[in-house]
Amino acid sequence: MSLYELFIVAVGLSMDAFSVAICKGLSTQKLQGKHYFLVGAWFGGFQALMPAIGFLLGSTFSDKINAFDHWIAFILLVLIGSNMLREAFSKDDEDESKADGKPFGFRSMLLLALATSIDALAVGVSFALLDDVNITAAVLFIGVVTFSLSAVGLKVGNVFGLKYKQKAEIVGGLILIVMGTKILIEHLFFQ
């Protein structure tokens, strides 16, 4: 997987975290430096951890699924992307950012980091099925991109509100669907 492709996947995966960070920025009147670090560390850390776990799971079972691994990667990425699109167009706009009454509290951030990184677990499984993925570099790169975009999302939310939340989720969903389709086409027609 090229650096460009990895960047595209990292941006796609970070769109949920970016969207939630926008909501956090919207609900916080005065941002402090620690808020940027907390949001980036929670979301970036979980976005790095989950693909690593997914990769370990996928690697463990890869010899049993080699014949249809490209279909698994395709289905996982398309389902994740489709779910992101569904959420983007959903009218249900709950504010999950205050699960424990503290917008940056442990429980609230843990729940949001887990919720936004489930997709990354499935992508990690997909990475295990590909031959050309350096998982260490991939998870670090995904974590750094998510850290950065989450911090930016916090500021965007604080300045602009919910205006860009739906667009970010749509872009993230489409990116994952395109990457899944690309993997399937490469395996079916170019191997």
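In what follows, the accompanying structure is described. It should be emphasised that the depicted structure is a prediction, and the values quoted were computed from it without experimental measurement.

So, the overall build of the protein
What the protein contains, in helices and strands, is six helices and zero strands. Looking at the protein as a whole, 50% of its 191 residues are labelled buried. Contacts spanning at least 24 positions in sequence make up 90% of the contacts within the protein whose residues lie at least 6 apart. When the accessible surface of the protein is totalled, it reaches about 9600 Å², and 68% of it is carbon and sulfur.

With respect to empty space enclosed by the protein
With a probe scaled to a water molecule rolled over the atoms, the places where space remains empty come into view. Applying the stated criterion across every chain, the model contains one cavity of 30 Å³ or more. Space inside the largest cavity adds up to approximately 50 Å³. What lines the largest cavity is Met1, Val9, Leu77, Val123, Ser126, Phe127, Leu130, Met179 and Ile183. Secondary-structure elements contributing two or more residues to the lining of the largest cavity are helix 4 (106–129) and helix 6 (165–189). Here the element with the most residues in the lining of the largest cavity is helix 4; it accounts for three residues.

About the thresholds
Residues numbered from 1 in each chain as written. Predicted model: local features only at pLDDT ≥ 70, side-chain atom pairs only at ≥ 80, totals over all residues. Heavy atoms only, no water. Helix = DSSP H or I, 4+ residues; strand = E, 2+ residues; numbered from the N terminus. Buried < 20%, exposed > 50% of the residue type's maximum accessible area, 1.4 Å probe, protein only. Contact = heavy atoms within 4.5 Å. Areas by Shrake-Rupley, 256 points an atom, 1.4 Å probe, with all protein chains shown as cover. 1 Å grid on protein atoms, 1.4 Å probe; cavity = no way out; pocket = protein on both sides within 12 Å on 5 of 7 lines; lining within 4 Å. Points joined across faces, edges and corners; volume = space filled by probe spheres on them.

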